[in-house]
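What the coordinates show
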4 protein chains.
Amino acid sequence: MAAKSHEAYRESVAGRADVADTPELLGYYEELGALAAGALWTVANKIEPWQPKASSVPVLWRYRDLREHVLRSVDLVTPEKAGRRVVYLNNPGRQDVAAAVGWLYSGLQVMRPGEAASAHAHSASALRFIMEGRGAYTVVDGHKMTLGANDFVLTPSGTWHEHGVSEDGTTCIWQDGLDIPLINALDAGFYVVHPDLKQAVTHPVNDTSALWGGVALRPQASAWSKSYSPLFKYEWAPTYDALVRLSKVSEGNAFDGTLMHYVNPVTGGPVMPTIGASMQLLRPGEHTLAHRHTGSYLYQVAKGRGFSVINGQRFDWQERDIFCVPSWMFHEHANMSTTDDACLFCFSDLPVMKSLGLYREEALSENSGRQPVAPA
Amino acid sequence: MAAKSHEAYRESVAGRADVADTPELLGYYEELGALAAGALWTVANKIEPWQPKASSVPVLWRYRDLREHVLRSVDLVTPEKAGRRVVYLNNPGRQDVAAAVGWLYSGLQVMRPGEAASAHAHSASALRFIMEGRGAYTVVDGHKMTLGANDFVLTPSGTWHEHGVSEDGTTCIWQDGLDIPLINALDAGFYVVHPDLKQAVTHPVNDTSALWGGVALRPQASAWSKSYSPLFKYEWAPTYDALVRLSKVSEGNAFDGTLMHYVNPVTGGPVMPTIGASMQLLRPGEHTLAHRHTGSYLYQVAKGRGFSVINGQRFDWQERDIFCVPSWMFHEHANMSTTDDACLFCFSDLPVMKSLGLYREEALSENSGRQPVAPA
Amino acid sequence: MAAKSHEAYRESVAGRADVADTPELLGYYEELGALAAGALWTVANKIEPWQPKASSVPVLWRYRDLREHVLRSVDLVTPEKAGRRVVYLNNPGRQDVAAAVGWLYSGLQVMRPGEAASAHAHSASALRFIMEGRGAYTVVDGHKMTLGANDFVLTPSGTWHEHGVSEDGTTCIWQDGLDIPLINALDAGFYVVHPDLKQAVTHPVNDTSALWGGVALRPQASAWSKSYSPLFKYEWAPTYDALVRLSKVSEGNAFDGTLMHYVNPVTGGPVMPTIGASMQLLRPGEHTLAHRHTGSYLYQVAKGRGFSVINGQRFDWQERDIFCVPSWMFHEHANMSTTDDACLFCFSDLPVMKSLGLYREEALSENSGRQPVAPA
Amino acid sequence: MAAKSHEAYRESVAGRADVADTPELLGYYEELGALAAGALWTVANKIEPWQPKASSVPVLWRYRDLREHVLRSVDLVTPEKAGRRVVYLNNPGRQDVAAAVGWLYSGLQVMRPGEAASAHAHSASALRFIMEGRGAYTVVDGHKMTLGANDFVLTPSGTWHEHGVSEDGTTCIWQDGLDIPLINALDAGFYVVHPDLKQAVTHPVNDTSALWGGVALRPQASAWSKSYSPLFKYEWAPTYDALVRLSKVSEGNAFDGTLMHYVNPVTGGPVMPTIGASMQLLRPGEHTLAHRHTGSYLYQVAKGRGFSVINGQRFDWQERDIFCVPSWMFHEHANMSTTDDACLFCFSDLPVMKSLGLYREEALSENSGRQPVAPA
């Protein structure tokens with residue numbers, strides 16, 4: 001049998017590996033293999049790329065396509081058997097790790113009035129963004145929060161948490177966002193089912209909003225030193241209001257429009273150590289310039305309709321659609337309405353990039369800062 | 001002439017200085033004096049007290065007493081000659097440094113519609129708490145902020161700032177709070193008059209509230225790394241609302257009731273490095289337990305009426321009265337209304353105590369935690 | 001063709017997914033697949049493991065096995081063609097990413113007197129631990145450092161760096177440790193070859209040791225705010241001396257013996273944001289207790305001989321051998337000499353675990369804290 | 001009796017107060033005084049100076065003048081009666097607070113072989129710099145440290161500490177440096193005598209040097225989160241060695257020569273929150289340029305002889321002399337030897353200036369950066 005070629009990554013550039021196979025070398029490679037080793041020059045150019053080449057691909061998931069399937073799961077499986085009825089987003093480039101983009105998981109979960117998932121805790125960090133329905137609630141370490149459309153809630157690493165829909169609510173669908181693929185990749189995933197499958201609500205409902213949801217106020221009676229935000233719930237109404245006010249006093253950023261990061265009010269830092277979140281407003285007709293940066297980003301359309309150009313490909317979106325921007329791919333966003341603003345919710349691994357010193361950013365310099373769009 | 005006695009601070013306690021004067025020692029002390037030196041044992045017990053003995057005394061300044069005098073200054077001096085028309089609070093124990101308590105300065109300033117103070121900058125940090133009138137505004141480094149009763153605004157160290165009242169406003173009175181005595185004591189006071197005596201407004205009015213006043217939101221387009229809060233204005237309405245909401249979900253603290261610290265939203269820390277501020281709500285009939293802690297505190301009654309017991313002395317207060325709690329004096333607060341809440345604004349050098357590791361706190365253990373009140 | 005089974009990860013435990021395939025479900029799964037989606041319950045138990053199951057396996061690489069192959073590369077390839085002559089360690093569980101353990105790369109590089117690698121920069125962070133030879137040097141951003149056995153040097157993310165051996169030296173072998181697999185996994189890898197293939201030495205040789213290598217001293221004339229240590233070189237002699245002194249005053253830790261982390265002297269934190277390093281001393285006859293924790297660890301024996309038990313498997317080691325401890329595997333170390341101490345150098349992704357809040361630790365509670373060793 | 005004038009601080013500058021006394025105003029001032037208040041314009045220019053005007057004056061204390069008096073205290077008072085036999089430095093501008101400069105206390109303490117001071121704790125922070133003698137030791141929270149000339153040791157806020165000289169030592173003299181005046185000024189001083197007047201030594205002698213005195217190494221087995229350095233002792237020999245090495249690779253700073261700050265190895269920050277310390281080396285013949293900055297500085301000559309020009313006044317110094325530089329006074333240092341280096345130890349309130357955002361610095365721009373010296 002012919003020996004495997006080791007020439008696949010040769011580059012004829014000074015400072016890069018460019019070694020041709022020889023019978024002697026092939027024998028050498030085999031000996032190294034037997035020692036759990038290899039010759040760097042056979043893989044150096046592969047593992048030291050000139051710039052990031054994400055295996056994730058840009059994808060847009062249309063809500064009108066997914067919604068029916070999500071609802072159908074209600075009839076197909078019971079909560080008891082399925083644990084949770086969730087359709088997860090499976091990026092074609094990341095199927096092996098069940099990721100929507102990069103190391104981020106996303107799933108659309110459905111729940112009927114009166115149902116509740118069993119309580120559990122895991123070292124993964126999670127958030128839940130409500131897409132439709134009334135009566136959703138989440139309990140985190142004894143704090144119960146009621147949730148409406150476009151609200152989102154944290155269920156941070158290590159917290160007991162459970163989701164439910166009240167008896168007098170309607171069927172609810174939400175997006176779950178997690179760093180499960182990252183945590184697994186880092187060999188740091190722990191999972192515990194609550195001994196009672198349910199936790200007691202030990203605080204007044206929505207108390208975290210009263211404690212930590214003041215404008216630039218910190219309650220004297222409460223200490224907080226955990227690595228995640230104690231303000232578990234981030235509501236849509238005040239966020240949208242803040243964006244509108246901001247858009248009136250600031251031009252925003254050429255690449256991001258009017259964008260605000262959700263923060264941990266105790267530190268001003270990201271909501272969780274591994275997942276950040278933001279909401280951005282595009283003014284009527286606004287079309288941002290293209291830039292690219294490291295990190296993986298999953299967007300959900302909270303309001304309006306428009307399109308994004310990602311890596312030269314155009315994706316048209318409307319409310320509740322989801323799309324992703326993989327690392328180091330140029331992207332720009334456009335609001336197609338001339339009268340209404342559009343809002344994009346986004347969660348990402350930006351805090352990871354920042355903590356590890358890996359964030360890089362670059363504007364598109366050609367073509368007046370807009371990408372040529374490839375024909376469909 | 002008889003030599004000065006050096007026995008004033010003797011204590012007959014093991015580990016403390018207890019040296020009697022002798023002729024030889026008195027001669028020795030004189031020799032040391034000539035060398036710009038002294039014998040430690042003559043002052044050791046004085047400079048190493050068992051616990052803090054503030055030179056400040058508890059004082060309550062009644063607004064009904066001061067208001068007339070403040071208004072009268074309008075007729076007595078011109079802004080041009082006086083710089084600012086201010087009645088400052090002069091703690092009887094701190095007259096030499098013009099302090100209201102500890103190293104904190106406080107003054108009541110009055111301004112008529114259409115007037116404005118000249119712009120300046122200083123290394124002292126300042127805040128301004130509006131007591132009455134309409135149309136007050138402050139400009140800080142080109143940001144203009146409009147101010148209503150119980151709003152407060154920062155004019156941090158090193159910023160160009162100026163105060164005014166709009167033409168269509170009414171005569172305004174506010175409290176200025178500064179760390180001037182501290183900055184002078186630390187030999188770090190700089191003062192500059194703006195070359196034009198007035199600065200340009202270079203941003204939309206009240207833009208800092210739109211930029212930094214969201215609930216747990218950080219604007220992407222604005223960076224901030226200064227040591228003080230970029231949210232210069234803290235408004236009364238959302239603060240009071242937050243206190244009311246907080247009082248419904250939390251018992252608060254036995255010593256402070258429902259108290260929230262104003263924070264720098266970028267860091268979660270104090271609004272300025274040398275001055276902190278808080279607003280606290282006392283429920284109808286609430287009477288807190290007594291405790292004491294290091295730091296100097298100046299209170300202004302923002303709402304309601306009640307009394308405080310400070311170092312065993314009772315002070316009755318109503319809206320807009322000002323009183324102080326010197327370091328390490330026991331204090332407790334009571335709301336005398338059985339139907340309405342009361343609110344106390346407070347600024348202090350608490351951030352200094354914390355930064356320098358000097359904060360200590362102690363509950364009153366006797367008498368069920370309430371101070372016996374000395375007869376007036 | 002029969003549809004693929006989706007039952008592989010079923011668990012019959014409350015709160016976990018336990019859904020049997022049905023024809024209807026298999027059809028549903030196919031439809032989801034066409035939408036770049038899937039049903040969570042088919043993968044939930046896989047992606048939410050009860051605890052970490054590292055794909056890396058424990059490996060010991062004997063230096064006496066590898067040395068000859070490393071040296072042979074000198075004859076097999078030229079530096080010009082190979083870039084660098086390196087034998088990298090290829091963990092059988094991580095071959096796809098060329099990692100020694102977890103997301104850490106390790107390679108043994110050889111260089112002859114008078115040779116130098118071309119200068120480059122990358123977003124990966126690297127260190128270099130000298131195994132044998134005289135005359136090795138490294139240049140980092142214009143700072144040249146000379147290196148002896150058991151010294152290690154940082155070439156942090158974004159720095160220009162190059163390695164060489166002086167004309168009057170001997171053939172040198174060292175270990176390169178990098179986070180290349182992690183950086184690639186996070187889609188954040190950039191690589192630049194220096195335009196001149198070589199950088200100028202712009203500072204006195206070994207100046208960083210004079211600037212930042214004092215005991216608890218910071219040079220006034222130099223500022224440093226980068227995320228990595230400015231003390232690029234960590235020398236063996238003072239480190240070993242410090243360990244010996246420490247071992248005389250402290251019992252150390254039951255699991256780690258006498259262990260010191262190398263730190264960034266400017267912050268006291270890890271040497272680089274993604275890679276930490278430590279040196280540990282085992283007293284004669286010392287045998288630590290077993291514990292496990294998250295993170296991936298690569299050890300190099302700096303001194304002595306002994307064995308480690310990793311996940312129930314015994315690995316005997318001697319000077320310059322390399323072995324790895326994958327995440328969450330129990331491990332214990334023993335010094336087999338009754339007269340001499342043994343020292344283990346280790347680099348790891350511990351700073352990543354700490355930054356992201358993923359560090360967990362557990363002692364072995366059974367068997368008096370020592371693992372039963374599986375028969376070979 | 002004539003009313004007191006209130007015109008003392010008038011300035012005829014736009015933006016400054018310039019109000020002449022009138023009978024009406026004098027009456028007004030009196031009324032305000034009765035309300036514990038005053039008119040700002042009578043003191044504004046005083047309390048808002050254009051720049052710092054320290055009340056401290058530059059002083060040089062010659063050791064040859066003080067030494068005899070320090071030794072004489074041994075015969076004059078017993079340790080039991082005096083507590084400690086200390087001659088403190090009494091800046092003529094700061095006699096009321098027993099300070100050597102600004103808010104810093106300094107005293108020269110003497111102790112005979114076999115003597116020990118009683119153990120106590122206080123909220124003041126202290127350091128002790130050995131001037132002469134053998135056998136000095138200090139115990140801090142159970143850690144005993146032996147001390148030689150030019151070593152210094154921390155006794156941080158809140159720690160139990162005591163000083164002594166071993167039976168086989170010689171009479172020792174050292175400088176005590178404390179922030180007592182600052183702590184008193186901030187009304188934050190607490191003092192406790194140890195119940196046994198003596199504490200047990202609970203750790204190996206000099207263990208903190210073994211634990212925390214490695215070069216850029218942190219012991220795994222010891223945690224530390226206090227606000228001060230766990231490396232209580234800073235030794236002369238490695239410090240001098242580090243300065244010499246530094247002086248060979250770096251030009252240093254035009255104003256400071258070769259200066260290193262002592263740091264807390266856990267954080268890289270100052271040794272204590274309120275007191276910083278540094279050692280600086282002046283090369284043979286080196287004469288630094290003049291600058292000024294905020295903060296109060298007390299120097300002790302550790303080696304050599306030279307002079308300093310402070311606020312235009314020349315002070316000649318030699319080994320063990322002490323001198324001070326008050327805030328915002330120009331200063332420059334010169335080594336008068338053409339063959340030997342000179343070293344200056346300094347402690348200061350620089351960490352306070354930095355924490356509170358009050359540090360400012362300015363080079364002398366005239367006269368080629370050197371001060372004209374006033375005739376004596």
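Residues numbered from 1 in each chain as written. Chains lettered and ligands numbered in written order. Predicted model: local features only at pLDDT ≥ 70, side-chain atom pairs only at ≥ 80, totals over all residues. Heavy atoms only, no water.

1. Things to note about the relation of the copies chain C and chain A
The following threshold applies: For the least-squares superposition of copies, only C-alpha atoms count, and only for residues with pLDDT at least 70 in both. We call two residues in contact whenever any of their non-hydrogen atoms come within 4.5 Å of each other.
Structural alignment of chain C on chain A gives an RMSD of 0.0 Å, achieved by rotating through 180 degrees and translating 0.0 Å along the axis. Interpreted geometrically, this transformation is the action of a two-fold axis. Scanning chain C for the C-alpha nearest the rotation axis identifies Ser-355 of chain C, at a separation of 3.3 Å. A symmetric contact is evident, with 99% of the interface residues of chain C recurring at the interface of chain A.

2. Considerations on the interface of chain C and chain A
Here is the rule we go by: Two parts placed together each lose some accessible area under a 1.4 Å probe, and the buried area is that loss summed for both. Within this document, salt bridges are pairs made up of a side-chain nitrogen of Lys or Arg and a carboxyl oxygen of Asp or Glu, the two lying within 4 Å of each other. In protein, a polar contact means a hydrogen-donor-capable atom and an acceptor-capable atom, both N or O and within 3.5 Å, with residues adjacent in sequence counting only if both atoms are side-chain atoms; elsewhere, any N or O pair within 3.5 Å suffices. Gly falls in the polar group here, along with every residue not listed as nonpolar (Ala, Val, Leu, Ile, Met, Phe, Trp, Tyr, Cys, Pro) or charged (Asp, Glu, Lys, Arg). Here a strand pair is declared whenever DSSP counts at least two bridges between the two strands. Think of it this way: any DSSP run of H or I at least four residues long counts as a helix, any run of E at least two long counts as a strand, and we number them from the N terminus.
Across the boundary between the two partners, chain C contributes 85 residues, which contact 84 residues of chain A. Of the roughly 7,400 Å² buried where chain C meets chain A, counting both sides, 63% is carbon and sulfur surface. Run the count over chain C and chain A and you get six salt bridges. We note a salt bridge from Arg-72 of chain C to Glu-31 of chain A, for which the minimum N-O separation is 3.1 Å. The tally of links from chain C across to chain A stands at 30 residue pairs in polar contact (both at pLDDT 80 or more). For the side of chain C that touches chain A, a count of residues per class yields 51 nonpolar, 18 polar and 16 charged. Two elements, strand β3 (residues 86–89) of chain A and strand β1 (residues 37–39) of chain C, share three bridges in a ladder whose sense is antiparallel.

3. Let's talk about the interface of chain D and chain C
Contacts between chain D and chain C engage 34 residues on the former and 34 residues on the latter. Taking both sides of the interface into account, the surface hidden between chain D and chain C amounts to around 3,100 Å²; carbon and sulfur atoms contribute 64%. Where chain D touches chain C, the interface holds 10 residue pairs in polar contact (both at pLDDT 80 or more). Those elements giving two or more residues to the side of chain D that touches chain C turn out to be α6 (207–212), β13 (217–219), α7 (236–249) and β15 (258–262) of chain D. Examining the composition of the side of chain D that touches chain C, we find that five residues originate from one element, α7 of chain D, more than from any other.

4. Let's talk about the sheet that holds strand β16 (residues 276–282) of chain C
If you walk across this open sheet you meet the seven strands as β2(C)-β21(C)-β18(C)-β23(C)-β16(C)-β15(C)-β13(D), and the pairing is antiparallel. Either end of the sheet is taken by a strand with one partner, and the two such strands are β2 (60–61) of chain C together with β13 of chain D. By the bridge criterion, three bridges tie strand β15 (residues 258–262) of chain C to β13 of chain D in an arrangement that is antiparallel. Bridging from a neighbouring strand, Met-260 of chain C pairs with Pro-219 of chain D of β13 of chain D.

5. What to know about helix α7 (residues 236–249) of chain C
Residues and elements named next belong to chain C. The condition is simple: A helix is expected to reach a length of 1.5 Å times the quantity of its residues less one. Each residue is placed in one exposure class: buried if its accessible area under a 1.4 Å probe, protein chains only, is under 20% of its type's maximum, exposed if it is over 50%, and partly exposed if it falls in between. Here the arc refers to the directions that run from the helix axis out to each C-beta atom.
With 14 residues, α7 should cover 20 Å at 1.5 Å per step; its first-to-last C-alpha distance of 20 Å lies within 8% of that length. By the burial criterion, the buried members of α7 are Trp-236, Thr-239, Ala-242, Leu-243, Leu-246, Ser-247 and Val-249. What you see down the axis of α7 is that its buried residues fit within an arc of 165 degrees, all on one side. Opposite the buried face of α7, by more than 90 degrees, sit the exposed residues Ala-237 and Lys-248.

6. Quick word on the arrangement of the chains
There is no contact between chain B and chain C; across them, the least C-alpha separation is 14 Å. For chain A and chain D, which are not in contact, the least C-alpha distance works out to 14 Å.

7. Description of the relation of the copies chain D and chain C
Its rotation angle being 180 degrees, the transformation that places chain D on chain C also includes 0.0 Å of axial translation and leaves an RMSD of 0.0 Å. Both copies contact each other with a shared surface, as 100% of the interface residues of chain D are interface residues in chain C too.

8. A few points about the packing of helix α1 (residues 23–34) of chain A against helix α3 (residues 63–76) of chain C
Note the following rule: Helix axes use the C-alpha atoms of the stretch in contact, all axes being lines fitted to C-alpha atoms, and the angles between their N-to-C directions lie in the range 0 to 180 degrees. For classification purposes, an angle smaller than 35 degrees is called roughly parallel, one larger than 145 roughly antiparallel, one from 65 to 115 roughly perpendicular, and anything else oblique. We call a crossing left-handed when the near helix sits turned anticlockwise from the far one by less than a right angle, and right-handed when that turn is clockwise.
One way to put it is that α1 of chain A packs onto α3 of chain C with a least axis distance of 12 Å and a crossing angle of 165 degrees. In terms of their interaxial angle, α1 of chain A and α3 of chain C are classed as roughly antiparallel. Considering how the two elements wind past one another, α1 of chain A and α3 of chain C form a crossing that is left-handed. Residues Glu-24, Leu-25, Tyr-28, Glu-31 and Leu-32 of chain A of α1 of chain A touch α3 of chain C, and the partners they reach there are His-69, Val-70, Arg-72, Ser-73 and Leu-76 of chain C. For the contact of α1 of chain A with α3 of chain C, the per-class residue count stands at five nonpolar, two polar and three charged.

9. Quick notes on the sheet that holds strand β2 (residues 60–61) of chain B
Taken together, the seven strands give an open sheet; going across it, the order is β13(A)-β15(B)-β16(B)-β23(B)-β18(B)-β21(B)-β2(B), and neighbouring strands pair in antiparallel fashion. A strand with exactly one partner marks an edge of an open sheet, and here the two such strands are β13 (217–219) of chain A together with β2 of chain B. Note that strand β16 (residues 276–282) of chain B and strand β23 (residues 342–348) of chain B share seven bridges and pair antiparallel. Its bridge partner lying in β23 of chain B, Ala-277 of chain B is registered against Phe-347 of chain B.

10. Considering the side chain of His-293 of chain A
All names here are of chain A. By the element assignment, His-293 lies in strand β17 (residues 291–293). Within the local environment of His-293, its side chain forms a polar contact with the side chain of His-331, the two groups lying 3.4 Å apart. Aside from chain neighbours lying at most four places away, what touches His-293 is Ser-327, Trp-328, His-331, Tyr-359, Arg-360 and Glu-361.

11. Observations concerning the UniProt feature "domain: Cupin type-2" (unreviewed entry) in chain A
All names here are of chain A. So the rule is basically this: UniProt positions are given in the numbering used here, feature names are shortened, and annotations may be inferred rather than shown by experiment.
Under the present numbering, the feature "domain: Cupin type-2" (unreviewed entry) in UniProt falls on residues 108–174 and 280–346. Across residues 108–174, helical content stands at 0% and strand content at 54%; the span's end C-alpha atoms are separated by 6 Å. Within the segment residues 280–346, helix and strand shares are 0% and 58% respectively, and the terminal C-alpha atoms sit 8 Å apart.

12. Focus: the packing of aromatic side chains
Here the distance between the centres and the angle between the planes together describe a pair of aromatic rings. Which entries qualify depends on this criterion: Between 30 and 60 degrees the pair is tilted, below 30 it is stacked and above 60 it is edge-to-face, where a pair is any two Phe, Tyr or Trp rings, Trp via its six-membered ring, whose centres lie within 6.5 Å. Note on criteria: charge over ring means Lys NZ or Arg CZ within 6 Å of the ring centre, with the direction from the centre no more than 35 degrees off the ring normal.
Taken as a whole, this structure holds 74 aromatic pairs over all chains when the rule is applied. Taking the centre distance of 5.2 Å and the plane angle of 55 degrees together, the rings of Phe-152 of chain A and Phe-345 of chain A count as tilted. Here Phe-152 of chain A, found in strand β9 (residues 152–155), pairs with Phe-345 of chain A, found in strand β23 (residues 342–348); they are 193 residues apart in sequence, far enough to count as distant. Take Phe-152 of chain A: its relative accessible area is 0%, and that puts it in the buried class. Grouped by ring-pair contacts, the aromatic residues Phe-129, Phe-152, Tyr-234, Tyr-262 and Phe-345 of chain A constitute a single cluster. Over the face of the ring belonging to Tyr-359 of chain A we find Lys-354 of chain A, whose NZ or CZ atom lies 4.9 Å from the ring centre. Across from the ring centre of Trp-174 of chain D, 3.5 Å away, lies the NZ or CZ of Arg-128 of chain D, which sits over that ring.

13. What about the state of the cysteines?
Residues and elements named next belong to chain C. As a reminder of what qualifies: The disulfide definition used here is simple: a pair of cysteine sulfur atoms within 2.5 Å.
By the definition in use, this model includes zero disulfides over all chains. In this model Cys-343 remains outside any disulfide bridge; the closest cysteine sulfur is found in Cys-346, 13 Å from its own. For Cys-343, a relative accessible area of 0% puts it in the buried group.

14. What to know about the pairing of strand β18 (residues 297–303) of chain B
All names here are of chain B. Most of β18 sits out of view: six of its seven residues are buried. Judged from the four bridges that link them, β18 and strand β21 (residues 322–325) form a sheet pairing that is antiparallel. Residue Leu-298 lies in a different strand from β21, and its bridge partner there is Cys-324.

15. Points about the domain arrangement of chain A
All names here are of chain A. In plain terms, the rule: In this document the domain limits rely on a domain assignment from an automatic tool or a database.
Its domain assignment divides chain A into domain 1 (60–207) and domain 2 (233–365). When each unit is reduced to the centre of its C-alpha atoms, the spacing between domain 1 and domain 2 is 22 Å. Across the contact, 36 residues belong to domain 1 and 32 residues belong to domain 2. In total, about 2,800 Å² of surface goes out of reach between domain 1 and domain 2, with carbon and sulfur atoms giving 69% of it. At the junction of domain 1 with domain 2, the criterion picks out zero salt bridges. For the interface between domain 1 and domain 2, the tally reads 10 residue pairs in polar contact (both at pLDDT 80 or more). Of all the elements in the fold, those that place two or more residues in the side of domain 1 that touches domain 2 are β2 (60–61), α3 (63–76), β4 (105–111), β6 (126–132), β8 (143–147), β9 and β11 (172–178). Here the side of domain 1 that touches domain 2 takes five residues from β6, the largest share from any one element.

16. A few points about the pairing of β15 of chain C
Residues and elements named next belong to chain C. The buried fraction of β15 amounts to five of the five residues, a majority that puts the element mostly inside the structure. What you see with β15 is no split at all: Thr-258, Met-260 and Tyr-262 on one side and Leu-259 and His-261 on the other are buried throughout. Where β15 lies against β16, four bridges are found, and the strand directions are antiparallel. By the bridge assignment, Met-260 is partnered in β16 with Met-279.

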